[in-house]
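# Structural overview for review
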Amino acid sequence: MPLRGSRLYVDVVTRLFVTGKLTDQSGERFAELVAMNAMVELRRMVYDDLRLNSESTGDVIRKWYGCTGAALRNTLLGWLSDRNLISETFNLERMIAQFADTQESWC
């Protein structure tokens, strides 16, 4: 984590995995997320996407945020059993609003 003066800055990465059909409206929403530097993948998340095996001791990500359906949430709980997973049921509108708020607070 880079230090700038007396403040500590944390890099926040948002990566969104999307399955199912895209509508014109959801395509516009995804464009908004990409404009805010989120990575959008049009496929289901798999274990290797978490890159847990490539973490070095000092670079371990301890806190994760997942916004999924129940089945994937249960899978994530298994994959991240030694980490803190904050999860909620998927809601695209809320996720965009929260991500926008996060960007403003870290810039």
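Anyway, here's the lowdown on the structure attached to this text. Nothing here was measured: the structure is a model prediction, and the numbers come from that model. (Residues numbered from 1 in each chain as written. Predicted model: local features only at pLDDT ≥ 70, side-chain atom pairs only at ≥ 80, totals over all residues. Heavy atoms only, no water.)

### Some points on the overall build of the chain
Tallying secondary structure elements over the chain gives 3 helices and 6 strands in all. Across the 107 residues that make up the chain, the buried fraction comes to 26%. Taking the contacts inside the chain whose residues are at least 6 apart along the sequence as the reference set, 49% of them involve residues at least 24 apart. Approximately 7800 Å² of the chain is accessible, and the part contributed by carbon and sulfur atoms is 51%. (Helix = DSSP H or I, 4+ residues; strand = E, 2+ residues; numbered from the N terminus. Buried < 20%, exposed > 50% of the residue type's maximum accessible area, 1.4 Å probe, protein only. Contact = heavy atoms within 4.5 Å. Areas by Shrake-Rupley, 256 points an atom, 1.4 Å probe, with all protein chains shown as cover.)

### Details of the nonpolar core
One finds F17, M45, L50, L52, W64, L72, L76, L80 and L85 forming the largest nonpolar core, which totals 9 residues. Setting aside anything within four residues of it in sequence, one finds L80 in contact with L50, L52, W64 and L85. In this structure, L16, V18, F30 and A38 belong to the second largest nonpolar core, which totals 6 residues. (Core = buried A, V, L, I, M, F, W, Y, C linked by side-chain atoms within 4.5 Å.)

### Side note on the pattern of salt bridges
By the definition in use, this model includes 6 salt bridges. The salt bridge involving D49 is made with R43; its shortest N-O contact spans 2.7 Å. Overall, the relative accessible area of 13% leaves D49 in the buried class. Among the ionic pairs, D82 bridges to R83, the shortest N-O distance being 3.1 Å. (Salt bridge = Lys/Arg side-chain N within 4 Å of Asp/Glu carboxyl O.)

### A look at helix α1 (residues 24-35)
With 12 residues, α1 ought to run about 16 Å at 1.5 Å a step, and its terminal C-alpha atoms sit 17 Å apart, in line with that. Looking one or two places after α1, you find N37, whose phi comes out positive at around 70°. (Expected span 1.5 Å × (residues − 1).)

Read these as geometric descriptors, not functional statements.
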